Amino acid sequence: EGLCAMSSLMNLYKEHDAAIKYLERAVQISPDYVYAQTLLGLENTLIKNYDKALLGFQSATSIDPRHFNAWYGIAHLYYQQEKWKMAEICSKRALSINCSSSVGYTQLALILQQQGKLKDALSTVNHAVSLNTSNNLPKFHRALIQES
């Protein structure tokens, strides 16, 4: 856990390579540490090292198939790569694990919007707003979807 804490500190300072080294060490010491695997996927996503990011997230989901953050990370990774169908599948998988995530539903709405499924996107983002009315992120994206 100390290594993950150090990686988070390095992340705050935008020292992603150093953060990755701490996380790789954490995974080397404890290969089944799902949180470290997920953070490794996230850090690699931030530096656009998508192959390593996917490996980190997939390692996490192979250890814990119901790990919401790892599935969300995979969906986000595919979103960044404009692999909309894969992003949609993984986003829905994440939401099957945590159906109360307004951020997860917002991400799905953005994926649907990119595929031209505007009615579904609007319905999905409206659901995200209803899950957490104090979160402005879904409200912001709802306005953008309504304009498209």
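Residues numbered from 1 in each chain as written. Predicted model: local features only at pLDDT ≥ 70, side-chain atom pairs only at ≥ 80, totals over all residues. Heavy atoms only, no water.

A.B. asks: What should I look at first to understand the overall build of the protein in this one?
C.D. replies: Across its full length, the protein holds nine helices and zero strands. N-terminal to C-terminal, the α/β element order of the protein is α-α-α-α-α-α-α-α-α. The C-alpha atoms of the protein give a radius of gyration of 16 Å, which matches the 15 Å a tight globule of 148 residues would have. Each principal axis of the C-alpha atoms in the protein carries an extent, and together these give about 45 × 30 × 25 Å. (Helix = DSSP H or I, 4+ residues; strand = E, 2+ residues; numbered from the N terminus. Rg over C-alpha atoms; globule rule 2.2 N^0.38 Å.)

A.B. asks: What am I meant to see in the nonpolar core here?
C.D. replies: Across soluble globular proteins, nonpolar side chains have a tendency to be buried as a group. Ranked by internal contacts, the top residues of the largest apolar core, which has 15 residues, are L54, F57, W71, I74, L77, Y78 and C90. Secondary-structure elements contributing two or more residues to this core are helix 4 (50-63), helix 5 (68-80) and helix 6 (84-97). Sorting elements by how many residues they give to this core places helix 5 first, with six residues. Those residues in contact with C90 that lie beyond four places of it in its chain are W71, I74, A75 and Y78. (Core = buried A, V, L, I, M, F, W, Y, C linked by side-chain atoms within 4.5 Å. Buried < 20%, exposed > 50% of the residue type's maximum accessible area, 1.4 Å probe, protein only. Contact = heavy atoms within 4.5 Å.)

A.B. asks: For this particular structure, what's the right way to read the pattern of salt bridges?
C.D. replies: Where charged atoms from two side chains of opposite charge come close, those side chains can pair. The tally for this structure, following the rule as stated, stands at three salt bridges. E88 serves as the salt-bridge partner of K92, at 2.8 Å between the closest nitrogen and oxygen. Pair noted here: K92 and E88 are both in helix 6, with a separation of four residues, about one helical turn. For K92, a relative accessible area of 44% puts it in the partly exposed group. On the accessibility criterion, E88 (3% relative accessible area) is buried. Two residues, K117 and E88, come together in a salt bridge whose shortest N-O distance is 3.2 Å. In this pair, K117 sits in the loop between helix 7 (102-114) and helix 8 (118-131) while E88 sits in helix 6, placing the two residues 29 residues apart along the sequence. Ionic contacts of the salt-bridge type, sharing partners, join the residues K85, E88, K92 and K117 into one network. (Salt bridge = Lys/Arg side-chain N within 4 Å of Asp/Glu carboxyl O.)

A.B. asks: How do you make sense of helix 1 (residues 2-12) when you look at a structure like this?
C.D. replies: An α-helical turn contains 3.6 residues, so any two residues separated by three or four positions project in the same direction. When we look at burial in helix 1, the residues that qualify are C4, S7 and M10. The buried side chains of helix 1 occupy one side of the element, clustering within an arc of 115° when seen end-on. The secondary structure elements touched by the buried residues of helix 1 are helix 2 (16-29) and helix 3 (34-46). (Arc of directions from axis to C-beta.)

A.B. asks: Explanation requested: the packing of helix 6 against helix 7 in the structure shown.
C.D. replies: When two helices pack together, their arrangement is given by the angle between the helix axes and by the axis-to-axis distance. Contact geometry for helix 6 and helix 7: axes closest at 9 Å, N-to-C directions at 160°. With respect to helix 7, the element helix 6 is oriented roughly antiparallel. Crossing handedness for the pair helix 6 and helix 7: left-handed. Of the residues in helix 7, those touching helix 6 at W84, A87, E88, S91, K92 and L95 are G104, Y105, Q107, L108, I111, L112 and Q114. (Axes fitted to C-alpha atoms, helices over the stretch in contact; angles between N-to-C directions. Parallel < 35°, antiparallel > 145°, perpendicular 65-115°, else oblique. Left-handed = near helix turned anticlockwise from the far one by under 90°.)

A.B. asks: For this particular structure, what's the right way to read the side chain of H141?
C.D. replies: Position of H141 among the secondary structure elements: in helix 9 (residues 136-147). A relative accessible area of 15% places H141 in the buried class.

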